[in-house]
Amino acid sequence: MEHFKHLPKVSYEGVKTRNPYAFRYYDENRMILGKTMKEHLPFAMAWWHNLGAGGRDMFGDETADKSFGALKKTMDGAKAKADAGFEFMEKLGVDYFCFHDLDLVPEAETLAETNDRLDEIAEYIELKMKETGKKCLWGTANLFNNPRFMNGAGSSNCPDIFCFAAAQIKKALDLTVRFGGRGYVFWGGREGYETLLNTDMKLELDNIAILMKLAVDYGRSIGFTGDFYIEPKPKEPMKHQYDFDAATAIGFLRAHKLDKDFKLNIEANHATLAGHTFNHELRVSAINGMLGSIDANQGDTLLGWDTDEFPFDIYETTLCLYEVLKAGGLTGGFNFDAKNRRPSNTPEDMFEGYILGMDSFALGLLKASQLIEDGRIENFIKERYSGWTSGIGAEIRSGNATLKAISDYAVSLGTPKDPGSGRQEHLERVLNDVLFGG
Ligand code: XLS
Ligand code: CA
Ligand code: CA
């Protein structure tokens, strides 16, 4: 059954078009810095939001019908969702999808039964993947919805719950490998705490690392060659989430010797919640060799929660792609972990959400490549730090200068020269030149 029959296949028509179902900027074969836009931007559909989220919030029920003509929470419903998902990806030209185990099927009474359901849907999805050429970007396990995870999964106070989480991860890894996924994500879920009055923080952190190691060992043993990812998030649902931000997650991975197998999946909205910019989180990941994948969405600085909006802020997408291009691209991709606003409740809105997001990243890619070609920002930075390439600067950098020698040098200077203007306003004008200049 076709679910979006009344909606067309979306293609590029250029910036002048007013067709709501056409790309203004995403021209998949356009070459940018030696690669096509499609190669630069491996877009993915987030199964959960696109096929599952009906707009429920804490004050009201769903506003959008995501049943796709079947009974929800049944295997027929799961198959209808898959049909709709593949049709959607086809029409939008999105090549990848991301999933949680429990996005694919409704959870059953027992783990064994849920696993049977997952096998059944996996067979169905594999057929669809073959038919359409669509691929899996990453998989993960939902270790946060069920009440059993109220105290966390890997960080639970209860070993049985830890085991339950491990079993779900095993199965989600099996599916990820079966679908040829590029990555496997650990999103913090409820791995955090509300109060230290009831929490053994060290035990919880050590156990999360044990669970990750078990996943790596198992994944490698079944032929998973992709990256594991941590997706940092500072809060929500817990007051304190252990994977607060990129720097915290990297420190954790290194402390537990997981850094060879893990990279980071950076979500724009989570950067906002952590009080960082998106490009800060990307830069921290990149300079540590851990920029893996991106959850492409947008937060709202006026709201303190995870709004998961479709991205339209071109400053943000430009600066994101600037980091990605400078890092040499992603091993993962751009997953639209985004949902329509609650009153945008039609299939047309689903299409326009993805078109908006894909065009915003395509325009960001164009502008980021122009920023690189323009060169003024990079050159300014190079010049700003040029003192470190010769003389005392170079000696300090090479590790040859002692504190005594540096002190003698400082004394000999009398008064050091002014370090020079940071010229932020100038550089912001350069950015505007590239964004809006003719
Ligand atoms: C929630 C996370 C989640 C992960 C996948 O805040 O963004 O959607 O990406 O579990
Ligand atoms: Ca996410
Ligand atoms: Ca989010």
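Preceding block: the structure.
This one's a predicted model, so the numbers in the text were calculated from it and none came from an experiment. (Residues numbered from 1 in each chain as written. Chains lettered and ligands numbered in written order. Predicted model: local features only at pLDDT ≥ 70, side-chain atom pairs only at ≥ 80, totals over all residues. Heavy atoms only, no water.)

Chemist: It is not clear to me how empty space enclosed by the protein should be interpreted in this structure. Could you clarify?
Modeler: Over the atoms, a rolled probe matching the size of one water molecule traces out where space is still vacant. The final tally for this structure, using the stated rule, is two cavities of 30 Å³ or more. As a volume, the largest cavity reaches approximately 60 Å³. If you trace the largest cavity, you find it lined by D101, L102, E107, L111, T114, N115, L118, F164, Q168 and K171. Listing elements by their share of the lining of the largest cavity, those giving two or more residues are α4 (101-104), α5 (111-132) and α6 (159-178). Per element, the largest residue contribution to the lining of the largest cavity is four residues, and it comes from α5. Of the residues belonging to the lining of the largest cavity, the class tally is four nonpolar, three polar and three charged. Empty space within the second largest cavity amounts to approximately 30 Å³. In terms of lining residues, the second largest cavity is bounded by P232, F244, I266, E267, H270, A271, A274 and E281. Those elements that place two or more of their residues in the lining of the second largest cavity are β12 (262-267) and α9 (268-273). (1 Å grid on protein atoms, 1.4 Å probe; cavity = no way out; pocket = protein on both sides within 12 Å on 5 of 7 lines; lining within 4 Å. Points joined across faces, edges and corners; volume = space filled by probe spheres on them. Helix = DSSP H or I, 4+ residues; strand = E, 2+ residues; numbered from the N terminus. Nonpolar A, V, L, I, M, F, W, Y, C, P; charged D, E, K, R; others polar.)

Chemist: I keep staring at the nonpolar core and nothing clicks. Help me out?
Modeler: A general trend in soluble globular proteins is that nonpolar side chains are found buried together. Counting 114 residues, the largest nonpolar core has W47, L92, F97, L104, I125, F179 and F334 as its most contacted members. Broken down by element, this core gets its largest block of residues, 12 residues, from helix α12 (residues 347-374). Excluding residues within four positions of it along the chain, L104 makes contact with W47, A78, F99, L118, I121, I125, L175 and F179. (Core = buried A, V, L, I, M, F, W, Y, C linked by side-chain atoms within 4.5 Å. Buried < 20%, exposed > 50% of the residue type's maximum accessible area, 1.4 Å probe, protein only. Contact = heavy atoms within 4.5 Å.)

Chemist: Teacher, can you tell me more about the coordination of the calcium ion (ligand 3) here?
Modeler: In a perfect tetrahedron of four donors around a metal, the angles come out at 109.5 degrees. In a perfect octahedron of six, they are 90 or 180 degrees. The protein atoms that coordinate the calcium ion (ligand 3) are E267 (OE), E267 (OE), H270 (NE2), D306 (OD), D306 (OD) and D308 (OD), at distances spanning 2.1 to 3.0 Å. Around the calcium ion (ligand 3), the six donor atoms are arranged such that angles at the metal cover 48 to 157 degrees; this shape is classified as irregular. Sequence positions of the donors to the calcium ion (ligand 3) reduce to the motif E-x2-H-x35-D-x1-D. A separation of 4.4 Å is found between the calcium ion (ligand 3) and the calcium ion (ligand 2), which are bridged by E267. You can call E267 buried: its relative accessible area is 2%. (Donors = N, O, S within 2.8 Å, 3.2 Å for Na, K, Ca; no water. Tetrahedral: all angles 85-135°; square planar, octahedral: opposite > 155°, others 65-115°.)

Chemist: I tried to follow the side chain of K91 on my own but got confused; where do I start?
Modeler: Its place among the elements puts K91 in helix α3 (residues 75-92). Given the relative accessible area of 13%, K91 is considered buried. Beyond its immediate sequence surroundings of up to four residues, K91 is in contact with E2, F4, K5, L7, P8, K9, V10 and F351.

Chemist: How should I be thinking about the pairing of strand β8 (residues 183-187) in this particular structure?
Modeler: Note on strand geometry: in a regular strand, side chains alternate between the two faces of the sheet. Burial analysis of β8 places four of its five residues in the buried class, which makes it a mostly covered element. In terms of strand pairing, strand β7 (residues 135-140) meets β8 through two bridges, oriented parallel. Within β8, the position partnered with G139 by the bridge is Y184. With respect to chirality, the unit in which β7 leads through α6 into the neighbouring parallel β8 is right-handed. Note that β8 and strand β10 (residues 227-231) share five bridges and pair parallel. Directly across from F186, in β10, lies its bridge partner I230. (Pairing = 2+ DSSP bridges. Right-handed = clockwise from strand over helix to strand, strands pointing away.)

Chemist: What is the right way to look at the coordination of the calcium ion (ligand 2) in this model?
Modeler: The coordination sphere of the calcium ion (ligand 2), as far as protein atoms go, consists of E231 (OE), E231 (OE), E267 (OE), D295 (OD) and D337 (OD), spread over 2.1 to 3.2 Å. Between consecutive donor residues of the calcium ion (ligand 2), the sequence gaps follow E-x35-E-x27-D-x41-D.

Chemist: Quick question: what am I supposed to make of the sheet that holds β7 here?
Modeler: Working definition: the strands of a sheet are paired by backbone hydrogen bonds and lie parallel or antiparallel to each other. Around the barrel, eight strands lie side by side as β5-β6-β7-β8-β10-β12-β13-β14; this closed barrel has parallel pairing. Taken over all neighbouring pairs, the strand axes of this sheet differ in orientation by 30 degrees on average, direction set aside. Contacts between helix α10 (residues 278-287) and the sheet are confined to β12 and β13 (291-295), with β12 contributing the most and set at about 170 degrees to the helix. (Axes fitted to C-alpha atoms, helices over the stretch in contact; angles between N-to-C directions.)

Chemist: It is not clear to me how the site of ligand 1 should be interpreted in this structure. Could you clarify?
Modeler: Taken together, the residues surrounding ligand 1 are W48, H100, W138, W187, E231, K233, E267, H270, D295, D306 and D337. Within the side chain of H100, an N or O atom sits 2.6 Å from an oxygen atom of ligand 1. Between E231 and ligand 1, the recorded distance is 2.6 Å, taken from a side-chain N or O atom to an oxygen atom. Surface burial for ligand 1 is 94%, taken as the share of its 290 Å² of free accessible area covered by protein chains. (Near = heavy atom within 4 Å. Polar contact = N/O pair within 3.5 Å; in protein donor to acceptor, adjacent residues only side chain to side chain. Areas by Shrake-Rupley, 256 points an atom, 1.4 Å probe, with all protein chains shown as cover.)

Chemist: So what exactly am I meant to see when it comes to the packing of aromatic side chains here?
Modeler: We describe a pair of aromatic rings using the distance from one ring centre to the other and the angle between the two ring planes. Across all of its chains, the model carries 30 aromatic pairs by this definition. Ring geometry for Y184 versus F186: centroids 5.5 Å apart, planes at 75 degrees, classification edge-to-face. Judged on exposure class, the residue Y184 and its partner F186 are both buried. K79 extends its terminal NZ or CZ atom over the ring of Y124, reaching a point 5.7 Å from the ring centre. (Phe/Tyr/Trp six-rings, centres within 6.5 Å; stacked < 30°, edge-to-face > 60°. Lys NZ or Arg CZ within 6 Å of the ring centre and 35° of its normal.)

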